[in-house]
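These are the residues of each chain, in order.
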Amino acid sequence: MLFSIASVISLVLFVRIEQKTNFPLIDFKILKNRIILSANIINMIVGLTALMVVYQTLPILIRSPPPAGFGGDASSIANVQLPYMIVSLIFSIASGFMVSRFGNLRPTTVGTIITTIGFFILFMFHSTEASIAAVLVLIAVGLALMQIGSVNVVLTSTPKRFSGISLGMNLLIYLIGSSVGPVIAGIYLQANQIFVKSEAGGISASFPSPESYSLIFLTAALVSVSSIAFAILLHKSTSNRNREVKETGLPT
């Protein structure tokens, strides 16, 4: 409770300082632009869900002994995460070509939908390492499209003289999501524990329960649903901006 109060106070002080300083880490004037704000939140969701599930939760699930987990080793973790890493590498490059051909909005929106579907499938089917590895391929595609598309939206929607500041803010907001995600996962993992006896000595030890993983995957899916809403808002804001530009006769 004490740390929660301290974090809220720190956040309020941070916002007040950022509003007054001449060289802020987060320029709230830029974030007033709905297009930039929506794109930043989508990128934050990428960091939140990826760190919460892929890097924080799955290694614990794989290493925990049955019935709490799969009882695997470090190699098992690598085998499960390897398809995700390969597909992320490929689509991080391919997404650039897709953005060049279809624009920023379509890949971003498609990415939010694919990611949401992927996390819901992971929520329903995570009983084997093979099923998790297969679903991670789908999630990797969605997250790559979301991130590349949203970052490009920020870049193209920011005036050139503020592009450096805006991209720096985008990275900072992504890192905030990357920090919050593991904390959420940790709360679920710690709050839902079961005792498992060791086969050798018969000593009981506590591990996260299967329900904790279901809660984490469900949370990631619900957070991803919100990314679809922000993608829709991004479409509307962009359409309104283009309409205003055409009415004023200014070049796009």
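Given the structure is predicted, the values throughout are model-derived calculations rather than measurements. (Residues numbered from 1 in each chain as written. Predicted model: local features only at pLDDT ≥ 70, side-chain atom pairs only at ≥ 80, totals over all residues. Heavy atoms only, no water.)

**As for the layout of surface pockets**
- Taken as a whole, the largest pocket encloses approximately 210 Å³ of empty space.
- Lining the largest pocket, in full, are Ile35, Gly103, Asn104, Leu105, Val153, Thr156, Ser157, His235, Thr238, Ser239, Arg241 and Asn242.
- Secondary structure elements with two or more residues in the lining of the largest pocket: helix 6 (129-157) and helix 8 (210-248).
- The biggest single contributor to the lining of the largest pocket is helix 8, with five residues.
- Its residues assigned to classes, the lining of the largest pocket shows three nonpolar, eight polar and one charged.
- Counted as a void, the second largest pocket has a volume near 150 Å³.
- In terms of lining residues, the second largest pocket is bounded by Glu18, Gln19, Thr21, Asn22, Pro24, Ile26, Asp27, Phe28 and Lys29.
- Of all the elements in the fold, those that place two or more residues in the lining of the second largest pocket are helix 1 (2-20) and helix 2 (28-31).
- Among the residues forming the lining of the second largest pocket, the class breakdown is three nonpolar, three polar and three charged. (1 Å grid on protein atoms, 1.4 Å probe; cavity = no way out; pocket = protein on both sides within 12 Å on 5 of 7 lines; lining within 4 Å. Points joined across faces, edges and corners; volume = space filled by probe spheres on them. Helix = DSSP H or I, 4+ residues; strand = E, 2+ residues; numbered from the N terminus. Nonpolar A, V, L, I, M, F, W, Y, C, P; charged D, E, K, R; others polar.)

**Remarks on the side chain of His126**
- Looking at where His126 falls in the secondary structure, it is placed in the loop between helix 5 (105-124) and helix 6.
- Of the residues examined, His126 reaches a relative accessible area of 15% and is grouped as buried.
- Within the local environment of His126, its side chain forms a polar contact with the backbone oxygen of Leu122, the two atoms lying 2.8 Å apart.
- Here the side chain of His126 touches Phe123 through a polar contact of 3.2 Å, landing on its backbone oxygen.
- If we ignore the near neighbours within four places in the chain, the residues touching His126 are Phe70, Ser131, Ile132, Ser214 and Phe217. (Buried < 20%, exposed > 50% of the residue type's maximum accessible area, 1.4 Å probe, protein only. Polar contact = N/O pair within 3.5 Å; in protein donor to acceptor, adjacent residues only side chain to side chain. Contact = heavy atoms within 4.5 Å.)

**Brief notes about a nonpolar patch on the surface**
- Where nonpolar side chains cluster on the molecular surface, the patch consists of Ile5, Ile9, Leu13 and Ile17 and spans about 380 Å² of accessible area.
- By the secondary structure assignment, Ile5 is in helix 1.
- On the basis of relative accessibility, which here comes to 42%, the residue Ile5 falls in the partly exposed class. (Patch = residues over 30% accessible without salt bridge, like charges linked within 9 Å, V, L, I, M, F, W, Y side chains within 5 Å. Areas by Shrake-Rupley, 256 points an atom, 1.4 Å probe, with all protein chains shown as cover. Salt bridge = Lys/Arg side-chain N within 4 Å of Asp/Glu carboxyl O.)

**Looking at the nonpolar core**
- Ranked by size, the top nonpolar core spans 49 residues in total, and within it Val53, Tyr84, Leu122, Leu136, Ile139 and Phe217 carry the most contacts.
- If you list the elements that add at least two residues to this core, you get helix 2, helix 3 (34-63), helix 4 (74-102), helix 5, helix 6, helix 7 (163-191) and helix 8.
- Examining the composition of this core, we find that 15 residues originate from one element, helix 3, more than from any other.
- Other than its neighbours up to four places away in sequence, Leu136 contacts Val54, Leu58, Val80 and Tyr84. (Core = buried A, V, L, I, M, F, W, Y, C linked by side-chain atoms within 4.5 Å.)

**Quick notes on the environment of Gly118**
- Note on placement: Gly118 falls in helix 5.
- Spatially, the C-alpha atoms of Gly118 and Leu138 are 5.8 Å apart, while their sequence positions differ by 20 residues.
- Apart from the residues lying within four places of it in its own chain, the contact partners of Gly118 are Val135, Leu138 and Ile139.

**Overview of the packing of aromatic side chains**
- A complete count under the given rule lists one aromatic pair for this structure.
- When the ring of Tyr55 is compared with that of Tyr84, the centres are 6.3 Å apart and the planes differ by 85 degrees; the resulting orientation is edge-to-face. Of this pair, Tyr55 sits in helix 3 while Tyr84 sits in helix 4; the two residues are 29 residues apart in sequence, bridging distant segments of the chain.
- Overall, the relative accessible area of 38% leaves Tyr55 in the partly exposed class. (Phe/Tyr/Trp six-rings, centres within 6.5 Å; stacked < 30°, edge-to-face > 60°.)

**Concerning helix 7**
- For helix 7, which comprises 29 residues, the first-to-last C-alpha distance of 42 Å matches the rise-based estimate of 42 Å (1.5 Å per residue) to within 8%.
- Listing the buried residues of helix 7 in full gives Ser166, Met169, Asn170, Ile173, Tyr174, Gly177, Ser178, Gly181, Pro182, Ala185 and Leu189. (Expected span 1.5 Å × (residues − 1).)

**Overview of helix 3**
- In a regular helix each residue adds 1.5 Å, so 30 residues correspond to 44 Å; helix 3 covers 43 Å between its end C-alpha atoms and thus fits that length.
- Counting buried residues in helix 3 gives 22 out of 30 residues, a clear majority hidden from the surface.
- Looking at where helix 3 begins, the residue whose side-chain oxygen comes 2.9 Å from the main-chain nitrogen of Ile35 is Asn33.

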